[in-house]
Amino acid sequence: MNLRGFLSRYVRPAAAAGFLLLTLQAVGAYDFAERPASVVLSPAPDGFSIGESGFAQSALRSNVFRNTEMNRFQIENYLHHNLLDLGRFRSSLYYAAVMLNSPVTEGFEPSAEAAPWIMNAFQFEYGLVFAYDLFPGKPRFVFLAEYGRRSYHPLRSGLDEPAADILRTGFGIRNYRLSFLPNVTLDGLVRLGWSDLYDFWGAENLPKPRGLYTIYTAFEAAAATPLDWLSAFFLIMPDFIYLREGGFSADLTVQTGLRFGSSPGLIELFFDLYHTGNSERFSDRKDPLTLAGYGLRFVLES
């Protein structure tokens, strides 16, 4: 397929649909989207293993270009570890923790006199992933089924405690190459998710998550350079949300920058943009949030 055909068949319809959804009512959920590599783990070389593959990343996202009083920078850690590879089937567990920070504001005291910032909240995510390789080899095309839980734990007064149980299913693709772009690899992730808050957690006082159904998407392109230790990447992660109260919304994450090093360890320096129509941090009002800045991320994949 040539470039014109690819743009006409895939990119233009997707861009039009994304633009339409972004112009609808913007009420989303506070979410840190997952890139394809963090969900679709590498397979075992011999088709059977216990705990041989995994993905880990640690990141600083500093909102120096656009921030709010309560959002100056985030520190994130994400781990996804293989449990069992059995032929084309694999099961794995993931865990993420995010520390959300702001400058010291009136009425709050930092824990140390020299600290110019305070921790506002922690957000935790964890879950179980089942994957099945539909077409082993390269590129990889994988069916996914997941259960996950997200919880937000404020450290300052006045913030809500949004939480959600999430069931997702969909497909992921890794290391796809187009004939007319031999130096570029493409990863993709498309999942349909259902959100609720189960009673067995004993959280009857917490509201149900605003999002009822969500289409989670992520597309990442990596371009090699003549230098073995340097490449460029572009990552876009739009989530399209059907709200529990009715209507639609969309969240958006965009990152683009440079990668230093080579597999299995990489360092990424990138521009970072995040938007949601409602962070769900306040129970009595909507909280639109648009953040922009730079990110520094350390990645390890095996």
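Residues numbered from 1 in each chain as written. Predicted model: local features only at pLDDT ≥ 70, side-chain atom pairs only at ≥ 80, totals over all residues. Heavy atoms only, no water.

## Observations regarding the overall build of the protein chain
So, point 1. Counting secondary structure elements, the protein chain contains two helices and 13 strands.
So, point 2. Relative to all contacts within the protein chain whose residues are 6 or more apart in sequence, the contacts with residues 24 or more apart total 61%.
So, point 3. When the accessible surface of the protein chain is split by element, carbon and sulfur atoms take 65% of a total near 15,100 Å². (Helix = DSSP H or I, 4+ residues; strand = E, 2+ residues; numbered from the N terminus. Contact = heavy atoms within 4.5 Å. Areas by Shrake-Rupley, 256 points an atom, 1.4 Å probe, with all protein chains shown as cover.)

## Observations regarding the pattern of salt bridges
So, point 1. Under the counting rule described, the total for this entry stands at 18 salt bridges.
So, point 2. One salt bridge in this structure joins Asp-85 and Arg-90, with 2.6 Å as the shortest N-O distance.
So, point 3. Residue Asp-85 is classed as buried on the basis of its relative accessible area, which comes to 0%.
So, point 4. Ionic pairing is found between Arg-140 and Asp-133, a salt bridge with its closest N-O pair at 3.0 Å.
So, point 5. What makes Asp-133 buried here is its relative accessible area of 5%.
So, point 6. Where salt bridges share partners, they join Arg-35, Glu-220, Arg-259, Glu-268 and Arg-297 into one cluster. (Salt bridge = Lys/Arg side-chain N within 4 Å of Asp/Glu carboxyl O. Buried < 20%, exposed > 50% of the residue type's maximum accessible area, 1.4 Å probe, protein only.)

## Side note on the packing of aromatic side chains
So, point 1. Using the criterion set out here, one finds 12 aromatic pairs in the structure.
So, point 2. Here the aromatic cluster, defined as three or more aromatic residues joined through ring pairs, consists of Phe-135, Phe-141, Phe-143 and Phe-171.
So, point 3. Directly above the aromatic system of Phe-233 lies the positively charged group of Arg-35, at a separation of 5.9 Å from the ring centroid.
So, point 4. Above the plane of the ring of Tyr-216 lies Arg-168, whose end atom (NZ or CZ) is 4.6 Å from the centre. (Phe/Tyr/Trp six-rings, centres within 6.5 Å; stacked < 30°, edge-to-face > 60°. Lys NZ or Arg CZ within 6 Å of the ring centre and 35° of its normal.)

## So, the side chain of Arg-35
So, point 1. Positionally, Arg-35 belongs in the loop between helix 1 (3–22) and helix 2 (36–39).
So, point 2. Within polar-contact distance, the side chain of Arg-35 engages the side chain of Glu-220 at 2.7 Å.
So, point 3. Each residue touching Arg-35, except ones within four places of it in the same chain, is listed here: Phe-55, Gln-57, Leu-189, Ala-218, Glu-220, Phe-233, Leu-235, Met-237, Arg-259, Glu-268, Arg-297 and Val-299. (Polar contact = N/O pair within 3.5 Å; in protein donor to acceptor, adjacent residues only side chain to side chain.)

## A word on the pairing of strand 2 (residues 54–66)
So, point 1. Relative to strand 3 (residues 73–86), strand 2 runs antiparallel, the two sharing nine bridges. Looking at strand 3, one finds that Phe-55 is bridged to His-80.
So, point 2. Here strand 2 folds back onto strand 3, and the loop between the two strands holds six residues.
So, point 3. In this structure, strand 2 lies alongside strand 13 (residues 289–301), joined through nine bridges in antiparallel fashion. When the bridges of strand 13 are listed, Ser-58 appears paired with Phe-298. (Pairing = 2+ DSSP bridges.)

## Brief notes about a nonpolar patch on the surface
So, point 1. On the surface, a cluster of nonpolar side chains totalling about 1,100 Å² of accessible area is made up of Val-64, Phe-65, Leu-227, Trp-229, Leu-258, Phe-260, Ile-267, Leu-269, Phe-271, Tyr-294, Leu-296 and Phe-298.
So, point 2. Going through the elements one at a time, strand 2, strand 11 (248–262), strand 12 (265–276) and strand 13 are the ones with two or more residues in the nonpolar patch.
So, point 3. Residue placement: Phe-260 occurs in strand 11. (Patch = residues over 30% accessible without salt bridge, like charges linked within 9 Å, V, L, I, M, F, W, Y side chains within 5 Å.)

## Observations regarding the confidence of the model for the protein chain
So, point 1. Per-residue confidence for the protein chain gives a mean pLDDT of 82; residues scoring 70 or more make up 79%.
So, point 2. Per-residue pLDDT, averaged within each element of the protein chain, yields its smallest value for helix 1 (41) and its largest for helix 2 (96).
So, point 3. Low confidence marks residues 10–29, where pLDDT is under 50. Its contacts with residues over four positions away, or in another chain, come to 42 contacts. (pLDDT = per-residue confidence, 0-100.)

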